[in-house]
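Here are the chains, one letter per residue:
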Amino acid sequence: MSQKQWIAGINAVSAAIEHDADNVREVLIEAGAKNPRLAEIESNARRFGIDARRVNQQALAGVVGNLRHQGVVARYAAARTWSEDELQGLVEAAEGRALVLLLDGVQDPHNLGACLRSAAAAGATAVVIPKDKSVQVNATVRKTSAGAADSVPVVPVTNLARTMRDLQQLGVWLYGLAGEADASLYSIDLRGNVALVLGGEGDGLRRLTRENCDQLVKIPMPGGDASGGVESLNVSVATGVTLFEAVRQRQ
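The shown structure was predicted, so the numbers you read here are calculated from the model rather than taken from an experiment.

Tell me about the sheet that holds strand E2 (residues 24-30), and please be specific about residues and values.
What the 4 strands build is an open sheet, ordered E1-E4-E2-E3; its pairing is mixed. Each of the sheet's edge strands pairs with one partner strand only, and the pair in question is strand E1 (5-8) and strand E3 (51-55). Each adjacent strand pair in this sheet contributes to an overall mean axis angle of 25°, direction not counted. Bridge count for E2 against E3 is 5 bridges, and the pairing is parallel. Pairing of Glu30 across the sheet is with Val55, part of E3. Each of E1, E2 and strand E4 (72-76) is contacted by helix H1 (residues 10-20), which is oriented at about 40° to E4, the strand it contacts most. Sheet strands touched by helix H3 (residues 57-64): E1, E2, E3 and E4. Its angle to E2, the strand with the most contacts, is close to 135°.

Before we move on, can you summarise the environment of Pro36 with the specific residues and values?
Inspection of the secondary structure puts Pro36 in helix H2 (residues 36-47). Here the alpha-carbon distance between Pro36 and Val64, two residues 28 residues apart in the chain, equals 22 Å.

Please set out unusual backbone geometry residue by residue, giving values where relevant.
In this structure, Gln70 takes a positive phi of about 55° despite not being glycine. For Gln70, the location among the structural elements is in the loop between H3 and E4. Phi at Glu95 is positive, roughly 55°, even though this residue is not glycine. Here Glu95 lies in the loop between helix H4 (84-93) and strand E5 (99-104).

I'd like a rundown of the packing of H4 against helix H7 (residues 160-169), residues and numbers included.
One can describe the packing of H4 onto H7 by two numbers: an axis separation of 11 Å at closest approach and a directional angle of 30°. Put simply, H4 runs roughly parallel to H7. In this structure, H4 meets H7 at a crossing whose hand is right-handed. Across the interface between the two elements, Glu84, Leu87 and Val91 of H4 pack against Arg162, Thr163 and Leu167 of H7. Of the residues assigned to the contact of H4 with H7, the class counts are 3 nonpolar, 1 polar and 2 charged.

Tell me what's going on with the environment of Ala74, and back it up with residues and numbers.
Mapped onto the elements of the fold, Ala74 is located in strand E4. Note on Ala74: relative accessible area 0%, which makes it buried. Distance in space between the C-alpha atoms of Ala74 and Leu60 is 9.9 Å, their sequence separation being 14 residues. Look past the residues within four positions of Ala74 in its chain and what remains in contact with it is Gln5, Trp6, Ile7, Val13, Val24, Glu26 and Val27.

Got a sec to walk through the pattern of salt bridges? Specific residues and values, please.
Pairing between side chains of opposite charge can happen when the charged atoms of each approach one another. Tallied over the full model, the rule gives 11 salt bridges. Arg210 is the salt-bridge partner of Glu180, the closest N and O atoms lying 2.2 Å from each other. Residue Glu180 is found in the loop between strand E8 (173-177) and strand E9 (183-184), and its partner Arg210 is found in helix H8 (residues 207-211); the two are separated by 30 residues along the sequence. Take Arg210: its relative accessible area is 27%, and that puts it in the partly exposed class. Three or more residues are tied together by salt bridges with common partners; here these are Glu26, Asp51, Arg53 and Arg75.

Scoring rules and cut-offs
- Residues numbered from 1 in each chain as written.
- Predicted model: local features only at pLDDT ≥ 70, side-chain atom pairs only at ≥ 80, totals over all residues.
- Heavy atoms only, no water.
- Pairing = 2+ DSSP bridges.
- Helix = DSSP H or I, 4+ residues; strand = E, 2+ residues; numbered from the N terminus.
- Axes fitted to C-alpha atoms, helices over the stretch in contact; angles between N-to-C directions.
- Contact = heavy atoms within 4.5 Å.
- Parallel < 35°, antiparallel > 145°, perpendicular 65-115°, else oblique.
- Left-handed = near helix turned anticlockwise from the far one by under 90°.
- Nonpolar A, V, L, I, M, F, W, Y, C, P; charged D, E, K, R; others polar.
- Buried < 20%, exposed > 50% of the residue type's maximum accessible area, 1.4 Å probe, protein only.
- Salt bridge = Lys/Arg side-chain N within 4 Å of Asp/Glu carboxyl O.

Have a look at this one:
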């Protein structure tokens, strides 16, 4: 990603400075704001040689529009870009305990940001997303992820089905989440090399993605069968439930 962008919010800007300071070009902070975390961001930016300036609220709003900025924005040159070729190294470095999240076509940047936040909290090895028909890591994703977009490797891939087959060759077992599956998420072993595959909003897993999974599983929902009950979970909620079942088993 070479295009410059603005990121907004205390957590997003703090994480960018901490994890990728070389790509933060400047930081704008609301003049007169008393939040001590803003003063900390200003100090850290200057420690890394990043230009940090105090500006009025109108200037901040002019940069990021309606995006809630919490008094700070940063001009960001590029995220740490992970290539498809690096995925093998990430899996091998996990030494038999890789935990990969594959997201098949998530369109809403808020959902992707929430998924990244859960992945970072769960210590995921990597998050794989398609380059096409999927939202990419943008300013809204960074804001929603609360900095997680800079702390978990996000690997955009050209062909998700091919990447799934490559992971299988590396000894990674692929579990796809599907509401109609017979097996329960809680009945399978998630302690080894595992990839959790979740579909996008609305349609869920695409046919080819589904066919390349080793097994389909479901999250049991006792309230889903009742009249008027919930039929499915939001992808970011399902991601959190699934990842932390893996975390529970690995403790």
